[in-house]
Amino acid sequence: MGIHADLLRRHREVIPNWVGLYYDQPISLAEGSGRHVMDAEGNRYLDFFGGILVTMVGHAVPEVVDAIKAQAEQMLHSSTLYLIEAQIELAERIAELSGIPDAKVFFVNSGSEANDTALMLATCYRSSNQVLAIRGSYHGKSHSAMAVTGNAAWSGTSFSPFQVTYVHGGYKLRSPFGHLPDEEFTARCVDDLRDLLDIAVAGVPAALIAEPIQGVGGFVTPPDGFFGALKDVLDQRGTLFISDEVQTGWGRTGDNFWGYQAHGVTPDLLTFAKGLGNGMAIGGVVGRRAIMDSYPANALSTFGGNPLATSAALASLDVLEDHDLQSNAHKRGAQLRSGLDHLAHDIAEIVEVRGKGLMLGVELADPATRRPDTVRTARIMEEAKSEGLLIGKGGLYGNVLRIAPPLSVTEAECDEGLAMLDAAVRRATGA
Ligand SMILES: Cc1ncc(COP(=O)(O)O)c(C=O)c1O
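For clarity, every value in this text was computed on a predicted model and none was experimentally measured. (Residues numbered from 1 in each chain as written. Predicted model: local features only at pLDDT ≥ 70, side-chain atom pairs only at ≥ 80, totals over all residues. Heavy atoms only, no water.)

Trainee: How do you make sense of the packing of aromatic side chains when you look at a structure like this?
Mentor: Counted according to the given criterion, the structure contains eleven aromatic pairs. Residues tyrosine 138 and tryptophan 154 carry aromatic rings whose centres are separated by 5.6 Å and whose planes lie at 80° to one another, so their mutual orientation is edge-to-face. Residue tyrosine 138 is located in the loop between β5 (130-134) and α6 (143-147), and its partner tryptophan 154 is located in the loop between α6 and β6 (163-167); the two are separated by 16 residues in the primary sequence. Taken together, the aromatic side chains of Phe107, Trp250, Phe257, Trp258 and Phe272 make up a single cluster linked through ring pairs. Over the face of the ring belonging to tyrosine 23 we find lysine 385, whose NZ or CZ atom lies 5.1 Å from the ring centre. (Phe/Tyr/Trp six-rings, centres within 6.5 Å; stacked < 30°, edge-to-face > 60°. Helix = DSSP H or I, 4+ residues; strand = E, 2+ residues; numbered from the N terminus. Lys NZ or Arg CZ within 6 Å of the ring centre and 35° of its normal.)

Structural data, given as structure tokens:
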């Protein structure tokens, strides 16, 4: 029995069966360098998914590795009961980067916890347990994050700490308003939000939580300005806006440092995680001081903002800024986009290419009926793997390829990845 087969057998014995694995024959990634990884059986891949958009600056980047080693030798843990210099410095930097005036930051260990904290703050601040969320959203695996996840495949319980109302998002391809030009489409979604506020909620909902580009939802990308138009209505009612930037943050969308910046708004609260630690577990909330300070009891996070994770995050941010990786995301994103558009031109089953920067989605469906093509999407994933390319998938029906390499990806690697994807798609579609 091979290494992977043996690991899979053991995995199935002890890990719950709702933890999904990619591929008919799942693999274990044993080593990484730059944008490449090696599996436990010695196969090398170009990594265009970065462990779900976490590997932000690359695998085994010396500056990040050195920062982790140096901190590990000094002090691994102290807790939020003590002052932590790296945590304070990171909070100062994120408060500044957030674009939220006079902001404060609270660190946790994951995106789910970050959203959980933001929802707790917003509902306390507004004294309301009503929350608006977007259809097709994914906000995490904690009980409260699942409660605002508008995707039944990822939200397996109807128990909820909130009263949640789902509003229309920017998924034009499958929206009843999708045939309209962008401005009219947005206007219809705003009308619908107004209707819902009159019909479906009592008083003022605490917050709307939204991903500027939906991640798990399949890189669903609303027209620019979409959330600004929704926020105008929310502002009239006093409902807060929480931007879940767990996937869209740190310059990944190329045009902007945060996804919200495409919409002409400033969020009241912003949540982050994934790329910041480049693999170390870290997440957090940054928001307006009045909201951040409003929680009326004690709280701590034993591991949140720990010395190891915050040192890794500072080093990752340094690499990001020193190499202007946001600009790289913009340029390499344009290169990948043009290759994918070219492929879509030839392949009828690709019904949409969408996204921004290094967050690109390819939706597969029957060209005539638009019925989601989940099977072919899985086939392409397999073919890409056998070409030596790791990509992700998502979408409400598991029919969207997700392409999201580290922000340090090079021009040559994008060419190489496109060639592999081209071959995989053509084989899987018989084109
Ligand atoms: C937009 C978004 N929010 C929150 C989360 C939850 O993050 P975590 O898995 O770190 O809890 C995810 C995870 O994929 C996400 O994509």
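So that's the structure; there's more coming.
Trainee: Looking at this structure, I do not really get the layout of surface pockets. What am I missing?
Mentor: A probe as big as a water molecule, rolled over the atoms, marks out the empty space that is left. What the second largest pocket holds in volume is close to 480 Å³. Lining the second largest pocket are 18 residues, with Phe106, Thr117, Leu121, Met292 and Ala299 positioned closest to its centre. Grouping the constituent residues of the lining of the second largest pocket by class yields eleven nonpolar, three polar and four charged. (1 Å grid on protein atoms, 1.4 Å probe; cavity = no way out; pocket = protein on both sides within 12 Å on 5 of 7 lines; lining within 4 Å. Points joined across faces, edges and corners; volume = space filled by probe spheres on them. Nonpolar A, V, L, I, M, F, W, Y, C, P; charged D, E, K, R; others polar.)

Trainee: Teacher, can you tell me more about the domain arrangement of the chain here?
Mentor: Often, the extent of an interface is quoted as the loss of accessible area upon association of its parts. Each assigned domain of the chain is listed here: domain 1 (3-57 + 324-429) and domain 2 (65-322). For domain 1 and domain 2, the distance between their C-alpha centres works out to 25 Å. Each partner contributes residues to the interface: domain 1 has 37 residues there, and domain 2 has 36 residues. Of the roughly 3100 Å² buried between domain 1 and domain 2 on both sides combined, carbon and sulfur atoms contribute 58%. (Domains from an automatic or database assignment. Contact = heavy atoms within 4.5 Å. Buried area = accessible area lost by both parts, 1.4 Å probe.)

Trainee: Would you take a moment to explain the pattern of salt bridges for this structure?
Mentor: Pairing is possible between side chains of opposite charge, provided their charged atoms come close. Summed over the entire model, instances satisfying the criterion amount to 22 salt bridges. Across the salt bridge formed by arginine 93 and aspartate 318, the nearest N and O atoms sit 2.9 Å from each other. On the criterion of sequence distance, the pair formed by arginine 93 in helix α4 (residues 85-98) and aspartate 318 in helix α10 (residues 307-322) is long-range, its members being 225 residues apart. Judged by relative accessible area, which is 19%, arginine 93 ranks as buried. With a closest N to O distance of 2.5 Å, arginine 288 and aspartate 268 form a salt bridge. Of the two residues, arginine 288 sits in strand β10 (residues 283-288) while aspartate 268 sits in the loop between β8 (240-244) and β9 (269-272), which places them 20 residues apart along the sequence. (Salt bridge = Lys/Arg side-chain N within 4 Å of Asp/Glu carboxyl O. Buried < 20%, exposed > 50% of the residue type's maximum accessible area, 1.4 Å probe, protein only.)

Trainee: Please explain empty space enclosed by the protein as it appears in this structure.
Mentor: In this structure the tally under the stated criterion is four cavities of 30 Å³ or more. Its volume calculated, the largest cavity comes out at about 70 Å³. Forming the walls of the largest cavity are Pro212, Ile213, Thr221, Pro222, Asp224, Thr253, Asp255, Asn256, Gly259, Ala262, His263 and Lys356. Of the residues in the lining of the largest cavity, the class split is four nonpolar, five polar and three charged. Looking at the second largest cavity, its volume works out to about 50 Å³. Lining the second largest cavity, in full, are Leu53, Met56, Val246, Gln247, Gly249, Trp250, Arg252, Gly275 and Leu407.

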